[in-house]
Amino acid sequence: MQKQWVGKETLDMIYRSQQSVNLKYIPGRLKIEDAIVSQSIEILEDYAQEKAIIAEADMPYMEQIAKSLLCILRGEAYGKIFAIYQKLKKNMSKIKENKVKLANFERVVSILNNKKQAREMSMENLLQAKETLESDTGHSFKQKQRSMQQLQSYALIKYGEMKQKCDMNFEPYKNFVTSFNLSHQVKTTPTVKMAKKEKTIASQHNKKNKLALWVDKGKTTILKGIYKVKDAITDFYYRFEPYIAIGAIAMTGIVGWKLAKNVSDEANQFNEKTQQFAPSAMKKYYQEKNIDFAAAKAEQEKQKAESENYVKVQGKTIIEKDYYDTSLQIHLGSKESVQKLYDKIDFLAQSGKIKFAEGLDTKRYAHAFTMYNLIRPNSAENKAIQNLLNGGQENPDLINRLVMKAKAKGEGIKPDNNSIKTSNFDKAGKSLQIQHLKNLQKQR
């Protein structure tokens, strides 16, 4: 059975996602934290049980994951991870010792002459031994020839063991096969070939019959995973927008690892099918659009008339698809609403009702105002802000203090309770979500 190989990119994403977990982690408090901790434990357990293959060069990432978990966990879970960490440290120590041994020509020859030790060499060990033999200048070709032949034989044996376990894209495996020129090696006799061919032909019909059931099972698995992760993101994003960048990396690691283990290649086909509209649905959609057209046009005219009440400011703040633009578009629902808010704040600044403190600007004000209105709509702070936006008079220094208190991403505004459950991020279009997540990662 093929084991699951895990690359450094996945390990690094899992480790970075751990940084968003509170050091005073409490299981069950936040879905996103539970998902990150659960995923981190699973990768370590898979390694300990030899279900996952990790390149020797990537072992430091595993050590980071284990150390980070030990700072978070308590009780029985801590003890379990500590035991795995000890095993991990022991293996890493052995890897370092082997590197020192295999850098010495005489030690390599000695190991190759010991059948048991030679058979225990990993792919990376065999590659290093080959490098040592080839780079040696203190011995003649004849002296090295026997050792090279022995090394090639043991590499062929190792290839037979690993080709059923490793993914062909696993970097150490690719290097190993290429270096020892093993890709052409096939150990199948004509009789075995014929038997396999007959078995393949006989099973084709059954495979066709089973394919539909297999795809349905894959669809169910995908949907369960998607809805579970979607709920976690929705709940987490709305209440903790400042940390969504790290959360996005966490989800990438989690989804990537889970799909690699559980989901078939039919996922893309399923995605395409689910996005197709039936003709009747499209007809209904356009009928509804036509019904709403008059109302939409009237609303557009109203917004246009309102915007003309503001003086056109030189150096007008415009939407450029940066972090604040996408964040506000998600929360306010449209580019027009965002631009309208920018125009209003530009007007207030020009008329002297707003005096930007150093480091603050229209977009920062607009984001802070929106976050106050969403997170603390009934607070005295938000009432002051809404009064200002509606033409009232407020102390500019007070408004500056409120914006600075909100901080760059709104993390300074705390909700009165945990009653907020809906997510504007979840309602936004897919392209806007992707653009906003990219902007958040740039802000880190």
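Note that residues are indexed from 1 along each chain, following the sequence as it is written. Selection of residues for local features in this predicted model requires a pLDDT of at least 70, selection of side-chain atom pairs for listing and counting requires 80 or more, and totals for whole chains, interfaces and linings are taken over all residues. Calculated side-chain values reflect all of the structure's heavy atoms, with hydrogen atoms and water omitted.

## Focus on the confidence of the model for the protein chain
Definition in use: Scored from 0 to 100, pLDDT records how confident the predictor is in each individual residue. Residues count as neighbours in contact if any of their non-hydrogen atoms are within 4.5 Å of one another.
Overall, the predicted model of the protein chain reaches an average pLDDT of 75, with 62% of residues at or above 70. Taken as a whole, residues 263-268 scores under 50 in pLDDT and shows seven contacts with residues more than four places along the chain or in a different chain. Across residues 270-275, confidence stays below pLDDT 50; counting only partners more than four residues off in sequence or on other chains, it has two contacts.

## Quick word on the pattern of salt bridges
To be explicit about the condition: Think of a salt bridge as a Lys or Arg side-chain nitrogen and an Asp or Glu carboxyl oxygen that are within 4 Å of each other. Helix and strand definitions follow DSSP, with helices as H or I runs of at least four residues and strands as E runs of at least two, each counted in order from the N terminus. Buried residues are those whose accessible area, probed at 1.4 Å on protein chains only, stays under 20% of the maximum for their type, while exposed residues exceed 50% and partly exposed ones sit between those limits.
Evaluation of the coordinates by the stated rule reveals twelve salt bridges. Close ionic contact of Lys316 with Asp343 constitutes a salt bridge, the shortest N to O distance being 3.7 Å. Here Lys316 is found in the loop between helix H13 (279-307) and helix H14 (323-332), whereas its partner Asp343 is found in helix H15 (residues 335-350), with 27 residues between them in sequence. With relative accessibility at 38%, the residue Lys316 sits in the partly exposed group. For Asp343, a relative accessible area of 15% puts it in the buried group. In this structure, Arg376 engages Glu381 in a salt bridge whose closest nitrogen and oxygen atoms are separated by 3.9 Å. Note on Arg376: relative accessible area 22%, which makes it partly exposed.

## Some words on the side chain of Glu394
Worth spelling out the cut-off: Just so you know, the count uses Lys and Arg for positive and Asp and Glu for negative, and it drops His and the chain ends. Think of a polar contact as two N or O atoms within 3.5 Å of one another; within protein, one of them needs to be a possible hydrogen donor and the other a possible acceptor, and neighboring residues in sequence only count if both atoms come from side chains.
Mapping Glu394 onto the fold places it in the loop between helix H17 (380-389) and helix H18 (396-406). The buried charged residue Glu394 lacks any salt bridge partner; its closest oppositely charged side chain belongs to Arg401, at an N-O distance of 9.5 Å. A polar contact of 2.7 Å, which involves the side chain of Glu394, links it to the side chain of Asn387. Once you skip the residues sitting within four places of it in the chain, Glu394 turns out to touch Lys353, Ala384, Asn387, Leu388 and Ile399.

## Things to note about the packing of helix H5 (residues 105-112) against helix H7 (residues 123-135)
To keep things clear, this is the line we draw: Lines are fitted to the C-alpha atoms to define the axes, a helix being fitted only along its stretch in contact, and any angle between axes, read from their N-to-C directions, falls within 0 to 180 degrees. For classification purposes, angles smaller than 35 degrees are called roughly parallel, those larger than 145 roughly antiparallel, those between 65 and 115 roughly perpendicular, and all remaining angles oblique. Each crossing is labelled by how the near helix is turned from the far one, with a counterclockwise turn of less than a right angle marking it left-handed and a clockwise turn marking it right-handed. Polar here means any residue other than Ala, Val, Leu, Ile, Met, Phe, Trp, Tyr, Cys and Pro, which are nonpolar, and Asp, Glu, Lys and Arg, which are charged; Gly is therefore polar.
Following both chains from N to C, one finds H5 and H7 inclined at 125 degrees, their axes separated by 9 Å at the closest point. Considering their axes alone, H5 and H7 lie oblique with respect to each other. By crossing handedness, the relation of H5 to H7 is classed as left-handed. From H5, Phe105, Val108 and Leu112 reach across to H7, where they touch Ala129, Thr132 and Leu133. Along the lines of polarity and charge, the residues of the contact of H5 with H7 split into five nonpolar, one polar and no charged.

## Describing unusual backbone geometry
In most cases, non-glycine residues show a negative phi, while peptide bonds are predominantly trans. A positive phi angle, close to 60 degrees, is found at Glu50, a residue other than glycine. The residue Lys407 is not glycine, and still its phi comes out positive at about 70 degrees. Along the polypeptide, Lys407 turns up in the loop between H18 and helix H19 (424-427). Among the residues examined, Lys407 registers a relative accessible area of 44% and is labelled partly exposed.

## Side note on helix H2 (residues 31-48)
Stated formally: Multiplying 1.5 Å by the residue count of a helix minus one yields the expected span of that helix.
Relative to the 26 Å expected for 18 residues at 1.5 Å per residue, H2 spans 26 Å between its end C-alpha atoms, a close match to the ideal helical length. For H2, the full list of buried residues reads Ile32, Glu33, Ile36, Val37, Gln39, Ser40, Ile41, Glu42, Ile43, Leu44, Asp46 and Tyr47.

## Some words on the packing of helix H4 (residues 75-102) against H7
The geometry of H4 relative to H7 is characterised by a closest axis approach of 9 Å and an angle of 20 degrees between their N-to-C directions. The angle between H4 and H7 falls in the class roughly parallel. Like other packed secondary-structure pairs, H4 and H7 cross with a definite hand, here right-handed. Note on element contacts: H7 touches H4 through Asn125, Gln128, Ala129 and Thr132, opposite Asn98, Lys99 and Leu102.

## Quick look at the nonpolar core
How we decide: Throughout, nonpolar core names a set of buried Ala, Val, Leu, Ile, Met, Phe, Trp, Tyr and Cys residues whose side chains join them through atoms within 4.5 Å.
If you look at the biggest cluster of nonpolar residues, it comprises 29 residues, and the most contacted ones within it are Val37, Ile43, Leu44, Met62 and Ile81. The element contributing the most residues to this core is H2, with seven residues. Non-local contacts of Val37, meaning those with residues more than four positions away in its chain, are made with Val21, Tyr25, Leu69, Ile72 and Leu73.

## Description of the side chain of Asn400
With respect to the helices and strands, Asn400 occurs in helix H18. A residue is classified by how much of its surface remains accessible, and Asn400, at 5% relative accessible area, is buried. Side-chain polar atoms of Asn400 contact the backbone oxygen of Lys355, separated by 2.5 Å. Within polar-contact distance, the side chain of Asn400 engages the backbone nitrogen of Ala357 at 3.3 Å.

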